[in-house]
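What follows is the residue order along each chain.
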Amino acid sequence: MTEMTPLARAPRVRKPDWIRVKAPTSTGFAETKALMRRLNLATVCEEAACPNIGECWTKKHATVMILGDVCTRACAFCNVKTGMPRAVDPLEPQHVADAAAELGLTHIVITSVDRDDLPDGGASQFVKVIEALRRTTPATTIEILTPDFRNKHERAVAAIVEARPDVYNHNLETVPRLYPTIRPGARYYASLRLLESVKKRDPSIFTKSGIMLGLGEERLEVHQVMDDMRSADIDFLTMGQYLQPTPRHAAVAEFVPPQGFNAYAQIARAKGFLLVASSPLTRSSYHAGDDFEKLRAARQAQLTPR
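Residues numbered from 1 in each chain as written. Predicted model: local features only at pLDDT ≥ 70, side-chain atom pairs only at ≥ 80, totals over all residues. Heavy atoms only, no water.

**Q** Tell me about the overall build of the chain, residues and numbers included.
**A** Within the chain one finds 11 helices and 10 strands. In the chain, 77% of the contacts between residues at least 6 apart in sequence involve partners at least 24 apart. Summing over all exposed atoms, the chain offers an accessible surface of approximately 14000 Å²; the carbon and sulfur share of this is 53%. (Helix = DSSP H or I, 4+ residues; strand = E, 2+ residues; numbered from the N terminus. Contact = heavy atoms within 4.5 Å. Areas by Shrake-Rupley, 256 points an atom, 1.4 Å probe, with all protein chains shown as cover.)

**Q** Tell me about the pattern of salt bridges, and name the residues and values.
**A** Opposite charge on two side chains lets them pair, provided their charged atoms get close. Counted according to the given criterion, the structure contains 16 salt bridges. In this structure, the salt-bridge partner of D116 is R150, at a minimum N-O distance of 3.1 Å. Here R150 lies in the loop between β6 (141-145) and α6 (153-163) and D116 lies in the loop between β5 (107-112) and α5 (123-136), a separation of 34 residues in the sequence. Taking relative accessible area as the criterion, R150 reaches 30% and is therefore assigned partly exposed. (Salt bridge = Lys/Arg side-chain N within 4 Å of Asp/Glu carboxyl O. Buried < 20%, exposed > 50% of the residue type's maximum accessible area, 1.4 Å probe, protein only.)

**Q** Give me the lowdown on the nonpolar core, citing residues and values where you can.
**A** Ranked by internal contacts, the top residues of the largest apolar core, which has 77 residues, are V96, I110, L133, I160, Y168 and M239. The contact partners of I160, leaving out residues within four places of it in the chain, are A123, F126, V127, I130, I144, T146, F149, P165 and Y168. (Core = buried A, V, L, I, M, F, W, Y, C linked by side-chain atoms within 4.5 Å.)

**Q** Describe the state of the cysteines, naming the residues involved and giving the relevant values.
**A** In protein chemistry, a disulfide is the covalent bond that joins the sulfur atoms of two cysteines. In the structure shown here, the tally under the stated rule is zero disulfides. Here C75 stays unpaired: no disulfide links it, and the sulfur of C78, its closest cysteine neighbor, is 6.4 Å away. (Disulfide = S-S within 2.5 Å.)

**Q** Can you lay out α6 for me, pointing to particular residues and giving the numbers?
**A** The set of residues buried in α6 consists of H153, A156, V157, I160, V161 and A163. Each buried residue of α6 sits inside an arc of 150 degrees when the element is viewed along its axis, so together they form one side. In this structure, α6 carries R155 and E162 as exposed residues pointing more than 90 degrees from its buried face. Buried residues along α6 sit in contact with α5, β6, β7 (167-169) and α8 (188-201). Remark: R164 follows α6 within two positions and exhibits a positive phi of approximately 60 degrees. (Arc of directions from axis to C-beta.)

**Q** So what about unusual backbone geometry? Which residues, and what values?
**A** In this structure, L67 is a non-glycine residue whose phi angle is positive, near 70 degrees. Here L67 is to be found in the loop between β2 (64-66) and β3 (70-71).

**Q** Any chance you could break down the environment of I234 for me, citing the residues and the numbers?
**A** On the secondary structure map, I234 appears in the loop between α9 (219-231) and β9 (236-241). Separated by 39 residues in sequence, I234 and L195 have C-alpha atoms that sit 7.2 Å apart. Those residues in contact with I234 that lie beyond four places of it in its chain are L192, L195, T207, K208, S209, M229 and F273.

**Q** Can you break down the packing of aromatic side chains residue by residue, with the values?
**A** Enumeration over the complete set of coordinates arrives at four aromatic pairs. Residues Y179 and Y188 carry aromatic rings whose centres are separated by 5.7 Å and whose planes lie at 90 degrees to one another, so their mutual orientation is edge-to-face. Summarising the burial analysis for this pair, Y179 and Y188 share the class buried. Taking the centre distance of 5.9 Å and the plane angle of 90 degrees together, the rings of F206 and F292 count as edge-to-face. With F206 in strand β8 (residues 206-213) and F292 in helix α11 (residues 288-303), this pair connects stretches of sequence that are 86 residues apart. The two residues F206 and F292 agree in class, both being buried. Among the aromatic side chains, those forming a connected cluster through ring pairs are Y179, Y188 and Y189. Looking at R230, its charged tip hangs above the ring of F273, at a distance of 5.4 Å from the centre. Looking at R299, its charged tip hangs above the ring of F206, at a distance of 3.8 Å from the centre. (Phe/Tyr/Trp six-rings, centres within 6.5 Å; stacked < 30°, edge-to-face > 60°. Lys NZ or Arg CZ within 6 Å of the ring centre and 35° of its normal.)

So this is what it looks like as structure tokens:
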């Protein structure tokens, strides 16, 4: 298990006006929360303290986090608990499908904690969730956001790709130089290879990855990450502002203004991504359903002869 790095102990900086959101109070928010508790499901919206939880849950859009709520790693940016996870819940796949049915989801995002304690890293649970969703809500499109399946990603990716999710997302999170302090349990090029292997196995599956800005990265380093992603044939890039969850986590080095995100987005589009989402509040699953429709339309436009 990776320990939290000592450099992370820094006071949180006051957020600028463009990053602030209202506290959730709607009926829809309360109903979504009650459903998740009734089905014994964790969500990354809660565990990662997502700033968009009020907006998304009001619309009854939630990102389910499978394999429990305890992670075997301790990345310096992440608010999910770390420790020894509980046994995998065999009822979880059907509970996820039931939640999708009750919420009436046309598109669902499934993520997970890292489970380095499991022989397959938890890949088989992703497969079971996809299968349960296909049985229960066959019209729902499925987006998965997986961990890196450290030292076992080839078999894990093969099994998941065979189950055919519509979108396969795995976040690079930051630039390679910052990995030792921000994402010490992972390897940048291993994550790239994972995403590349998805495309090689099934080119019809959309691939997606994201990075956080404001951790101390340099502009040209971000451009290089974009180039690396395009070399791996990644379709969709997301970029959002890093927010420090607690004083124990890595400090914010910079609050990138909206115009900075727009500038990065213009460069990314010029590099050939099918879709780019870039703003301070952008997160991996924010507006994921709408973005999936844009992805499909962009691919169709690319394939249509002029």
